[in-house]
Amino acid sequence: MRDLAETSPRHRPDAGGAVVSEGRWAHRHLLDVDQLTRAELEACLDLAVEMRERRDRHEALDDLRGEVVGLAFMEPSTRTRVSFELAATALGAQIVNLPIEASSVTKGESLVDTLLTLQRTGISTIVLRHSLSGAPYLAARSCDARIVNAGDGTHAHPTQALLDALTLREAIGPLEGKKIAIVGDILHSRVARSNIHSLTALGASVWLAGPLAWVGDFVDWPGVTVANGLEEGLADADAVMALRIQLERLSGDSAMSLREYAAAWGLDESRMELARRGAPLLHPGPVNEGVELTPELATSVRSLIGTQVTNGVPVRMAVLSLLAQ
Amino acid sequence: MRDLAETSPRHRPDAGGAVVSEGRWAHRHLLDVDQLTRAELEACLDLAVEMRERRDRHEALDDLRGEVVGLAFMEPSTRTRVSFELAATALGAQIVNLPIEASSVTKGESLVDTLLTLQRTGISTIVLRHSLSGAPYLAARSCDARIVNAGDGTHAHPTQALLDALTLREAIGPLEGKKIAIVGDILHSRVARSNIHSLTALGASVWLAGPLAWVGDFVDWPGVTVANGLEEGLADADAVMALRIQLERLSGDSAMSLREYAAAWGLDESRMELARRGAPLLHPGPVNEGVELTPELATSVRSLIGTQVTNGVPVRMAVLSLLAQ
Amino acid sequence: MRDLAETSPRHRPDAGGAVVSEGRWAHRHLLDVDQLTRAELEACLDLAVEMRERRDRHEALDDLRGEVVGLAFMEPSTRTRVSFELAATALGAQIVNLPIEASSVTKGESLVDTLLTLQRTGISTIVLRHSLSGAPYLAARSCDARIVNAGDGTHAHPTQALLDALTLREAIGPLEGKKIAIVGDILHSRVARSNIHSLTALGASVWLAGPLAWVGDFVDWPGVTVANGLEEGLADADAVMALRIQLERLSGDSAMSLREYAAAWGLDESRMELARRGAPLLHPGPVNEGVELTPELATSVRSLIGTQVTNGVPVRMAVLSLLAQ
């Protein structure tokens, strides 16, 4: 199926034209981080820090009081769905879950019909995860509810990129001029794609390391360097982000086995020593232990994997709050 | 399987005996609209209008404060389930969802056992959708919770009929003496069956148009006329309601293909011009575009499809509130 | 698969060392009733009675205000899940449901990863049902959230045992010296296993009756007598508990057919007359009517099946409250 997100500018109904004043967003939807300016990205991260503190103090927040947030996850998810559910309720919203299987999609109802129905029952914000790249753009054009992209196909995962940016900023300071290495299957990763946008917008230098077929397309991206092998990618990196490998990609058309991938691109402590002293490690989870990284590395002091999850809720609170302004 | 609803009077535990005073219902359950008098129907619609206004003003309502409403949808549904969920919480109730697959029905527990369990945990109202015609009647006889029929087999869908009546009343005024055409597969439609009861009770003249096998059984129903073809059905109609076709019915025993159905009975703007000037179009959704009606008609000014969905929440608020009195 | 719960003492992270003062528990998790002293068991039942009264008075309770309880049911369940959901919300907690199919377990994420993710998003208590005996012990060792076992494989079902104890105590008085007969497939029943622990701890004498292959392993358990046939088991029993038979066990390796089981071990009113006059009957539900007991017995005055369900919510409120202290 053709990717809806990549055909033309009109598929980015929310891109451009944003006016930021006093940390506010002028956006109705969050479809990808590429729609956000550096100032907007920073404002979101700042607000997430504030949200985290207020949540930790058990403050009653009411940014979304009286609103209903619909969680339309058309692909399985634990961490992202739960995180959005907790974020929305922490802001005083009611949530409505649309279980994949119970939705009328099984009756042949189209995505747009389902979303229109939700909007017409009074749902003001729809958090959408969909296997089709670009589905949130279609949603944003088709219904009046605010749309938050919770991951679409291989295209984008903006709230993951925002929580990664917050986690990185708190671990290594401002990202301006920092070298961030992303290792793995960049080509098929919505996490990598969104991170490339946000990290370069925040001034970081992004290095990509992985099998050529999975990194080659990115040689001309501004702010991005395709490394000549893992060693060059990791060398003096300020932080390293490993991506989840879809294991099924290592059997079909790929010439590479799981074992070969782990041997060539899997991270362990000795490889991490190529990076700057104490450079942290991120991974969007869930980790295939022994493939993308060793179990030891996953639980070492370098690992920010738990912090990423923890930051998911306040970042999503910030996003929902900013969109509702 | 034999329809439980149609065997004998004792299957209608809630029919008859209702005393209406000051707009109150004397009913414990809503099993079908045929249990409601004209005065009760009108009272429900009036209350729905009030509920809609109060919800729009974000008033905190507490008609169901401290109560738990169980949503037992044994068939997939988006619009009806979400609508009941929002209606119950808008009235201050807690809701509990019983996902189809997670219910103990997979352990061989019977419907009655499941409902008794729910009641015994403190659930006061059960909203039931079930593929078996008459299941809500069985439920009402078997447990002490209030039962709201959210669609049972091919039998009844009373809250759909109520929201249709409200939508029609607001579009064309009082239904007394109005001609309402219902087009499609009346025989298998719980929406049509309930609408026939409520629309005739409200004084409308209901005309049925569709393939003979799907309308023939209704020739002797009081207040109902089986049209001699689509043209007669639509002629000077004050409003037209198209029904969703179960596409699988157009392949098996039916002698009619999808294409033949659309050609003979599908609605478009030119056919709608047989009706009264500006006559509105209803459809319970989701629409099979190009079958029951054209995409153009679905989004034309005639179409009240969105309004029907919007009216679903306040109508269900009114029903839940009236049953809880 | 090897049972995680039965390999060594370190698999019981919460056993022993409990200090009870003023009815408080010193436990972080509820993994099985065998971790509870008699005083703790009694304190829990006393608190459950208080919770039931306060819930009946619609008192607003806030024992879990500001907390999030995650319901991770990896096996289908209606009564237990709904009961925990109502218990948690009655104490002021927010609940998050993890539908089996939507959880990232389908992505190959391990149980531990899923639970760690939940904890990191801010979930303080996880109610876990899992087909693997011992899974809650693994969970308690692996993450910092409180773990409540809602049934693990054939191992334990502590909250069921607690609600059974409460139901029995209110029906026949203090359990000290009472004879309680448990009838059926003890070997594969987590309900029976937990009840044996709690009933003997409360001073009851537990008699087991069932096919030899299903009771033989228990001959040496302290406080337990394996009856020589159904008659001896029921003779002068103060109460009788029938277990749900997994019907599939009566076809495969078993030499016994369903009909043979019902003839030999099924309960009816005449068999119940072997017990003390008016001895009550319990069953964890759902009942296979005509197998474990007759439909008449299930609805007779002896039957406490409905009371068991009703007691489920306040018992689970007591457990959640005691763990949160």
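Along each chain, the written sequence defines residue order, and numbers are assigned to residues from 1. Lettering for chains starts from A, numbering for ligands starts from 1, and both go in the order in which the items are written. Given that this is a predicted model, residues contribute local features only at a pLDDT of at least 70 and side-chain atom pairs are listed and counted only at 80 or more, while totals for whole chains, interfaces and linings are drawn from all residues. Where side-chain values are given, they derive from all heavy atoms of the structure, hydrogens and water being excluded.

Participant: Any chance you could break down unusual backbone geometry for me, citing the residues and the numbers?
Facilitator: Across the junction of G285(A) and P286(A), the peptide omega takes the value -15 degrees, indicating a cis bond. Per the convention used, a helix needs a DSSP run of H or I reaching at least four residues, while a strand needs a run of E reaching at least two, with both numbered from the N terminus. Tracing the chain through its elements places P286(A) in the loop between β9 (281-282) and α11 (295-298).

Participant: Could you give an account of the domain arrangement of chain A, naming the residues involved and the relevant values?
Facilitator: All names here are of chain A. Marked domain ranges trace back to an automatic or database domain assignment. According to the domain assignment, chain A consists of domain 1 (4-157 + 311-323) and domain 2 (159-309). Taken together, the contact between domain 1 and domain 2 spans 34 residues of the former and 29 residues of the latter. Salt-bridge detection follows one rule: a side-chain nitrogen of Lys or Arg within 4 Å of a carboxyl oxygen of Asp or Glu. If you look at where domain 1 meets domain 2, you find 5 salt bridges. The residue R38 makes a salt bridge to E176 at a minimum N-O spacing of 2.9 Å. Under the rule applied, a polar contact is a pair of N or O atoms within 3.5 Å (in protein, one hydrogen donor and one hydrogen acceptor; residues adjacent in sequence only if both atoms are side-chain atoms). For the pair domain 1 and domain 2, the interface holds 20 residue pairs in polar contact (both at pLDDT 80 or more). At the level of elements, α1 (38-56), α2 (79-90), β3 (125-130), β4 (146-152) and α12 (305-323) are the ones that each hand at least two residues to the side of domain 1 that touches domain 2. If you tally residues by element for the side of domain 1 that touches domain 2, the top one is α1, at 9 residues. As a working rule, the residues Ala, Val, Leu, Ile, Met, Phe, Trp, Tyr, Cys and Pro are called nonpolar, Asp, Glu, Lys and Arg charged, and the rest polar, with Gly in that last group. Residue classes in the side of domain 1 that touches domain 2 are distributed as 14 nonpolar, 8 polar and 12 charged. Note on contacts: a residue pair qualifies if any of its non-hydrogen atoms lie within 4.5 Å across the two residues.

Participant: Give a description of the packing of helix α2 (residues 79-90) of chain C against helix α12 (residues 305-323) of chain C that names residues and reports values.
Facilitator: Residue and element names in this part refer to chain C. Each axis is a line fitted through C-alpha atoms, and for a helix only the stretch in contact is used; angles between axes span 0 to 180 degrees, taken between their N-to-C directions. Two elements in contact, α2 and α12, have axes separated by 8 Å at closest approach and are oriented at 50 degrees. If you check the angle between α2 and α12, you find them oblique. As α2 packs across α12, the resulting crossing turns out to be right-handed. Contacts from R79, T80, S83, F84, L86, A87, A88 and A90 in α2 reach V309, G312, V313, R316, M317 and L320 in α12. Per-class residue counts for the contact of α2 with α12 are 9 nonpolar, 3 polar and 2 charged. Working definition: roughly parallel below 35 degrees, roughly antiparallel above 145 degrees, roughly perpendicular at 65 to 115 degrees, and oblique for all remaining angles. The hand of a helix crossing depends on one turn: near helix anticlockwise from the far one by less than a right angle means left-handed, and clockwise means right-handed.

Participant: So what about the sheet that holds strand β1 (residues 68-73) of chain C? Which residues, and what values?
Facilitator: All names here are of chain C. Across the sheet, 4 strands lie side by side as β2-β1-β3-β4; this open sheet has parallel pairing. Looking at strand neighbours, the two that pair on one side only are β2 (94-98) and β4 (146-152), the edges of this open sheet. Adjacent strand axes in the sheet meet at a mean angle of 15 degrees, parallel and antiparallel pairs treated alike. Strands pair, by our definition, only if DSSP identifies at least two bridges between them. Note that strand β3 (residues 125-130) and β4 share 5 bridges and pair parallel. Within the sheet, the bridge partner assigned to T125 lies in β4 and is R146.

Participant: Let's hear about the packing of aromatic side chains: which residues, and what values?
Facilitator: Residue and element names in this part refer to chain A. Each Phe, Tyr or Trp ring, with Trp reduced to its six-membered ring, pairs with another whose centre is within 6.5 Å; inter-plane angles below 30 degrees give stacked pairs, above 60 give edge-to-face pairs, and intermediate values give tilted ones. Evaluation of the coordinates by the stated rule reveals 6 aromatic pairs over all chains. Summarising the aromatic geometry, the rings of F218 and W221 are spaced 5.1 Å apart at their centres and angled 50 degrees between planes, so their arrangement reads as tilted. We call a charge positioned above a ring when the Lys NZ or Arg CZ atom is no farther than 6 Å from the ring centre and deviates by at most 35 degrees from the ring normal. The aromatic ring of W207 is capped on one face by K179, whose charged end is 4.0 Å from the ring centroid.

Participant: So what about α2(C)? Which residues, and what values?
Facilitator: All names here are of chain C. When the terminal C-alpha atoms of α2 are compared, their 16 Å separation across 12 residues agrees well with the 16 Å that a helix rising 1.5 Å per residue should span. Think of it in three bands: with a 1.4 Å probe and only protein chains considered, a residue is buried below 20% of the maximum accessible area for its type, exposed above 50%, and partly exposed in between. Within α2, 10 of the 12 residues are buried, leaving the element largely enclosed by the surrounding structure. Taken from the residues just after α2, G92 is the one with a positive phi, measuring 90 degrees. Each residue after the first adds 1.5 Å to the expected span of a helix.

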